[in-house]
Structure formats: structure tokens, C-alpha cells
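A structural walkthrough
Listed below are the residues making up each chain.
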Amino acid sequence: MSATMHLLRTDWFGLLVAFAVGAVALGLAQPSFLSTYNLYVMLTAFSLSILIALSQMVIVAIGQLNLSVGAIGGLAAITFAGVMEVWSVPIPVAILIGLLVGVAGGTLNGVVTHVTGLNAFVVTLATLAIFKGTNIGITEAQPFYEIPDAVKSFGNARFGFFPYLLFVSGAIGIAVWVFMRRSVLGRQLLAVGGNLNAAKLSGIPVGRVVVAAHVLSGMLAAVAGMLAVARLQLGQPTIGDDWLIISFAAPVIGGAVLAGGHVSVAGTVLGVAIIMLINNALVLLNVDPYAVQLVLGALILAAVALSRFREPA
Amino acid sequence: MSTKAIPGRAGPKGPTFAVLASNEVGLLLITVGAVIVFSYLAPGFDSPFNIYALTRVLAIDVVIGFSMMVVLVTGGLNLAVGAIGVSAVMVGGWAMQVAGLPIIVSALLALAFGAALGALNGILTVAMRVHSFVVTLATMSLFFGAMIVLTQAEAFNALPAEFVSLAKLKTWFFASSMLYASIVVGLLLWWLFHHTLIGRQILAAGANPSAARLSGVPVERTIVVCHGLSGALAAFAGLMLTARNGAALPSMAGQLGMDWLLPAFLAPVLGGTLLTGGTLSVAGTFLGAAMVTVLSNGLLQLQVGEFWVQAFLGVILLVAVVLDRLRAHVMAKRRVR
């Protein structure tokens, strides 16, 4: 197979072209797109959304889905902010506690889905209500305002248009890419998602793999939640409420198969980039910003239709 | 016949009938028990006003549960119930307030619009040959986004007084008249699924699509019909909520209409409708909604942390599905013996 054919067959190449064309077109149509501040704002949103999308992607890899991504992120966010405000916990310890919330949430999802064999959809709908309900129960829907200055300044810090937040999510993105491609566990995730019975017969510890995927998903959501606290400068209980659509849209646009077994980290990241570009275009071109919901819905449908076209059942 | 047993259709003497019955009787006992306990503990619980408020909430949640139940029976689901419900009532609100159409015409228009959006979900699911999860995830965003763009997030809050007063009627025992509307809807659904050809075709297609297809059941058509019905029921729930609120509000089902998802799944799942499709229980869905409404209202009346109700409902759903799984497991073992 020629190198060009190979490139065309990857999940990410078409998306990269689409993104480049879109970015150039937007830059020509609206020069303010390339202003330092606009790029910074876009990259900040990009940093958070990468983690949200990857959090869903690792669950899609095992052929399940996780409705509670936003609820775990929100609970980790308010826990992170809350322990710093109420108990004056030092920042590194607070980060650790926030991560633990993600681990605990993911463990609950993974253990219940695996042990009962129930559809992850209904399990994570229930845990979504539990996590979000706990969030509302603790905060009584009021934000935690007293965030340490170090966290606040980290959330605002940037090199030109490059937000510090992107260092965190960029490093995590690369780590997830290496994990999915090179680690045994990463390959096992795909094997379980691709064919559960074959995976079982080949001696893969399916239960451990399913729980590990959910724990990883929970941790990624928790990091996204804590970065959201740094960016918003407060522990807002509504963090995570609007993550669901983007968490599915980006992996699906990036070529993930919802039945499991096939995901692309590069595709997912480019999926996020394209969504951010569309969002930014709608704002810069003075289109109703709410139209982004409409566009996201249409994009998911188009991506699914396209994947059916690429590999007919 | 296929080896896959269809509970409730094995004949009145079959073991599955007993399970279904016990499920519904169990729900009824818990609900009645909760009513007695709350009436004793919380003085406000059995006040006429609270009964009226409770039955208004129940009437709406029952229909939201039905809206999900009719797609669960196909083995699919509908994440867009809330988005469809809100979109439909915005059409109805526009028809009443801006176009000045009669209430009944506007309501029918809203129901037809809900049915059309639902049918679109069904058509996309069938045409793309994917699970309705991803289709309705996409259309939830699509419908809600289009609704917000078209309405500019403005409410219709000058609805005709006669429409709003529909929700204020009280009947005997202080119950809201809306509850009777929900009961009528439930009876119609029961008749549809147990006494009509299309109803039986839906059950057969949901239980085993390939077997149903071989027996000449138009499986694709049943899926479109169920999604259309789900949309119409979501619109009906939306109309009742609009009458209760006195305005057609874009925010009435939360972000993307997702606030409806928990009640939508709780009622049918507690009531014994399986997520795998092929079975449903109209009475169970009604009782499931009743149990949830009584428990959450009672907890609010007891004032034991109004902010914790959502977490509590999540625990109920989790416990319910796990218990249901356990029951299926035990039943399977007994059947082998």
C-alpha cells in the first residue's frame, strides 16, 4: 500500500485536513481569529475538552459508555475547591484528594457494570445522579469562592497564546496515546471492546480491564474538573453539566467505533480541535452561540453515517 | 417458539406471570408503606395542598416514564425525551400565544410535532443501522440547539388562561385532574400493547428482531412507530408541565432536556421493563413513578436535606437495577431445575 493510501485510511488525516482548511478559511474571513487573545481563549477551552473527550474515549474503547463523566468531574472539582477553602488543605494534597474522587467514582462504575453485567448506560445514569446529587448536597448549589491564589494564577497563566493548562492536558494526552498504543493494558482495553468472548478465551482478565478503564476515565474527568476550577477561579457546582455531548462528539468524529475495540487518541484530539474551531467561528461570525449545540448534533450524526459508509456492515 | 421467554405472555399460570405480579405488588406495598410512614412523620404530607402538588408531579412523571418505556420495549432508548418535550411545547406555546390558534389545535400541533421528531429518531436509527443511543444523543443536541436558536431562549408566558387553568383543576381526594389524563394514557398504552396487532408486533420485534422478521413482522416499522409514540408522549408530558408552570419555558427540562432522563428511566426500570427489549409493564411504570414521587416528596416534607434528593434517587435506581439483575439470575436458576 502506498504511503498516501495509508495516510488516507487513518482516522486523523482527513480531520487534520478539515481542521487546516477550516482554520485558514476562518483566519481569512475574520482576521481577529488569529489574535493572541482569541487563540488563548480557544486553547484554554481546548485543554479542558481534550481531557473530557479522552475520559469518554477510554470507555468507548471497551464498548461501553459513561454518562457520569461530567458528574465525576464536577464532584472532583468541588471537592478540590472545598477541601482547600474549608480545611485549608495544601494544594498538592487537594489535587490528590480530587484525583481520589475520580478513582472512587470510576471504581464504582467499573465494579458495578462488571459484577452485575448490567448495561453501563443505566449504571452510569444512576451514578450520574448519585455524584451530581452528592455535589449539590455538599455545596447546596453554592460555589466555593476561596481558591488559593496559586491555583487562580495557574488558571490564568500563559505564554503568549499558550495557556499553562495546555501543558497539563497535552502531557496527559500524550500519556494516554502511549498507553493505548504501547501498554499491555491499553491493548487489552481494545481487545475487550473488540470481542469480549475472544478476549476472555485469550486469558485477558476482563474484570480488571473493565474496572481499570473506568478508573482511568474517572481520573481524566477529575483532572478536567480541577483544571476547570483553576480556569473559572472558583469551585462552581455546575462544572461538568455540559460535558456529555462533547465527550461523545469528539471521539465519534475522531473515528471511534461506539461498539468498542477501535478508538483514536489523535482523532479524538482533532475532533475536539474541530469542535473548538466551529464554536469559535460561530462566535466570531456573530452567529447565535447556541447554534453550536445544533452543529454538534449534526456532526455526530454525520460522523456516524460516514463510519457506516466507510465500513458497511 | 423461541427459547427466549417473554415474561407476562407465558400465560397466567406461567412462573413469569407471578414474577411480574410480585414486582408490581412489591412496588405498591413500598409506596403504600411510604405513604403511611410519611403521613405519620411529616404533618404536611397528607395535607390537601401536598396531595394536590404530589399528584401533579406524579401525572407528569408517569407520562415521561411511558415515553421512555415505549422505546425500551424495542431494545433501544431515547435520550432526547426532554429535548423533544421542550421543543414540542415551544411549538404549542407559539401556536397559542403568537398564532392565536385554539387550545385544542395548538395542543394537537405540539403532539404531532413531538411525534414527528420522535419518528425522525426512529427513521435515523433504522436507516443508519446504529443503536438509538447515538442517534438520540445527537438529536438531543440538535433539537435542543434548534429550539434555543429559534426561540432565542424566550419563554411564551402569555398563554390563554383556560389552558393554564386545566392544570389547576382538583378532583375528589384533592388529586390533580392531570393524574386522570395520565391514567387514560396508560390505559390506551395497555390496550395498544396487549390488544392490537401493531402492539404485539412491537413486543415480538423487541424480544427477538431476527425471529420476528422471519415471521413477517415489519421490524423497522415497529421501531419508527415506537419512537414516534415516544415523541408524542414526551410532548404530552411537556404540555402538562407547561400548563402547570403557566408558561412554555425553554429551560423547563434543564440543559438539553437532560433533567427528564432520571425520571424517564426510573419509572419503567423500577416497574420491570427490561432494557433488553420485548417486555413492558404499563402498570409497573405507573407504580414505579408513584413510588419515586412519594419518596422524594416525603423526604422534602421531612426536610431532611432537600439538596440530597437527587443523590437518593440515583441510589434507588442503582439498587433497583442490581436487584432486578439478581432476580433474573435466581429465576434463570429455578427454570433450569
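Residues numbered from 1 in each chain as written. Chains lettered and ligands numbered in written order. Predicted model: local features only at pLDDT ≥ 70, side-chain atom pairs only at ≥ 80, totals over all residues. Heavy atoms only, no water.

Looking at an unreviewed UniProt entry, one finds chain B named Monosaccharide ABC transporter membrane protein, CUT2 family and attributed to Tranquillimonas alkanivorans. The UniProt entry for chain B carries this comment under Subcellular location (unreviewed entry): "Cell membrane". (UniProt positions renumbered as here; feature names shortened; annotations may be inferred.)

As named in an unreviewed UniProt entry, chain A is Monosaccharide ABC transporter membrane protein, CUT2 family, taken from Tranquillimonas alkanivorans. For the record of chain A, the UniProt heading Subcellular location (unreviewed entry) holds the text "Cell membrane".

1. Describing the interface of chain B and chain A
In this complex, chain B contributes 38 residues to the contact, which on the side of chain A involves 42 residues. Counting the surface chain B buries against chain A, the share from its top three residues, M128(B), F307(B) and L318(B), is 17%. Taken together, the links from chain B to chain A amount to zero salt bridges. Where chain B touches chain A, the interface holds three residue pairs in polar contact (both at pLDDT 80 or more). When residues of the side of chain B that touches chain A are traced back to their parent elements, those giving at least two are α4 (103–128), α5 (132–151), α11 (261–270) and α13 (309–336) of chain B. Its residues assigned to classes, the side of chain B that touches chain A shows 29 nonpolar, seven polar and two charged. (Contact = heavy atoms within 4.5 Å. Buried area = accessible area lost by both parts, 1.4 Å probe. Salt bridge = Lys/Arg side-chain N within 4 Å of Asp/Glu carboxyl O. Polar contact = N/O pair within 3.5 Å; in protein donor to acceptor, adjacent residues only side chain to side chain. Helix = DSSP H or I, 4+ residues; strand = E, 2+ residues; numbered from the N terminus. Nonpolar A, V, L, I, M, F, W, Y, C, P; charged D, E, K, R; others polar.)

2. Observations concerning helix α10 (residues 219–245) of chain B
Counted at 1.5 Å a residue, the expected span for α10(B) with its 27 residues is 39 Å, and the 39 Å between its end C-alpha atoms agrees. Directly after α10(B), the chain includes G246(B), whose backbone phi takes a positive value near 80°. (Expected span 1.5 Å × (residues − 1).)

3. Concerning the packing of aromatic side chains
Residue and element names in this part refer to chain A. For the structure shown, the criterion picks out 12 aromatic pairs over all chains. Centroid distance F154 to Y164: 6.2 Å. Interplanar angle 65°. Geometry classified as edge-to-face. Note that F154 is positioned in helix α7 (residues 149–156) and Y164 in helix α8 (residues 164–182), a separation of 10 residues in sequence. Taking relative accessible area as the criterion, F154 reaches 30% and is therefore assigned partly exposed. For Y164, a relative accessible area of 28% corresponds to the partly exposed category. Aromatic ring contacts, followed pair by pair, group F154, F159, F162, Y164 and F167 into a single cluster. Across from the ring centre of Y40, 4.6 Å away, lies the NZ or CZ of R158, which sits over that ring. (Phe/Tyr/Trp six-rings, centres within 6.5 Å; stacked < 30°, edge-to-face > 60°. Buried < 20%, exposed > 50% of the residue type's maximum accessible area, 1.4 Å probe, protein only. Lys NZ or Arg CZ within 6 Å of the ring centre and 35° of its normal.)

4. Description of the layout of surface pockets
Of the voids in this model, the second largest pocket is the one considered here, and its volume is about 1300 Å³. Residue lining of the second largest pocket: 38 residues in total, with D259(B), W260(B), L262(B), P263(B) and Q310(B) positioned closest to the centre. Of all the elements in the fold, those that place two or more residues in the lining of the second largest pocket are α4 (69–86) and α6 (120–139) of chain A together with α2 (48–72), α10, α11, α12 (282–302) and α13 of chain B. Taken together, the residues of the lining of the second largest pocket break down into 24 nonpolar, eight polar and six charged. (1 Å grid on protein atoms, 1.4 Å probe; cavity = no way out; pocket = protein on both sides within 12 Å on 5 of 7 lines; lining within 4 Å. Points joined across faces, edges and corners; volume = space filled by probe spheres on them.)

5. So, the UniProt feature "transmembrane region" (unreviewed entry) in chain B
Mapped onto this structure's residue numbering, the UniProt feature "transmembrane region" (unreviewed entry) falls at residues 20–41, 53–73, 79–96, 103–124, 130–150, 171–193, 264–287 and 307–326 of chain B. Taken end to end, residues 79–96 of chain B is 89% helix and 0% strand, and its first and last C-alpha atoms sit 28 Å apart.

6. Considerations on unusual backbone geometry
Positive phi, close to 50°, is recorded for R129(B), a residue that is not glycine. Inspection of the secondary structure puts R129(B) in the loop between α4 and α5.

7. So, the nonpolar core
In this structure, M180(A), F133(B), M140(B) and L189(B) are the most contacted members of the largest nonpolar core, which totals 197 residues. Setting aside its immediate chain neighbours within four residues, M180(A) contacts M57(A), A61(A), G186(A), R187(A), L189(A), L190(A), V263(A) and V265(A). (Core = buried A, V, L, I, M, F, W, Y, C linked by side-chain atoms within 4.5 Å.)

8. Regarding the confidence of the model for chain B
On average, residues of chain B carry a pLDDT of 88, and 92% of them reach 70 or more. Across residues 1–13 of chain B the pLDDT falls below 50, and counting only partners more than four positions away or on other chains, this stretch makes 15 contacts in the model. (pLDDT = per-residue confidence, 0-100.)

9. Some remarks on the environment of V304(A)
One can find V304(A) in helix α14 (residues 291–310). Taking the C-alpha atoms as reference points, V304(A) and N279(A), 25 residues apart in sequence, are found 20 Å from one another. Ignoring any residue separated from it by four or fewer positions in sequence, one finds V304(A) in contact with V252(A), M128(B), V130(B) and V134(B).

10. Comments concerning a nonpolar patch on the surface
All names here are of chain B. Where nonpolar side chains cluster on the molecular surface, the patch consists of L101, I104, V105, L108 and L109 and spans about 420 Å² of accessible area. Within the secondary structure layout, L101 lies in the loop between α3 (81–97) and α4. Judged by its relative accessible area of 32%, L101 is partly exposed. (Patch = residues over 30% accessible without salt bridge, like charges linked within 9 Å, V, L, I, M, F, W, Y side chains within 5 Å. Areas by Shrake-Rupley, 256 points an atom, 1.4 Å probe, with all protein chains shown as cover.)

11. A short note on the environment of V321(B)
Tracing the sequence through the fold places V321(B) in helix α13. Ignoring any residue separated from it by four or fewer positions in sequence, one finds V321(B) in contact with L118(A), V122(A) and V269(B).

12. Concerning the pattern of salt bridges
Residue and element names in this part refer to chain A. Summed over the entire model, instances satisfying the criterion amount to two salt bridges over all chains. D241 is the salt-bridge partner of K132, the closest N and O atoms lying 2.9 Å from each other. Pair noted here: K132 is in helix α6 and D241 is in the loop between α11 (206–232) and α12 (244–253), with a separation of 109 residues, a long-range link. The class for K132 is buried, based on a relative accessible area of 13%.

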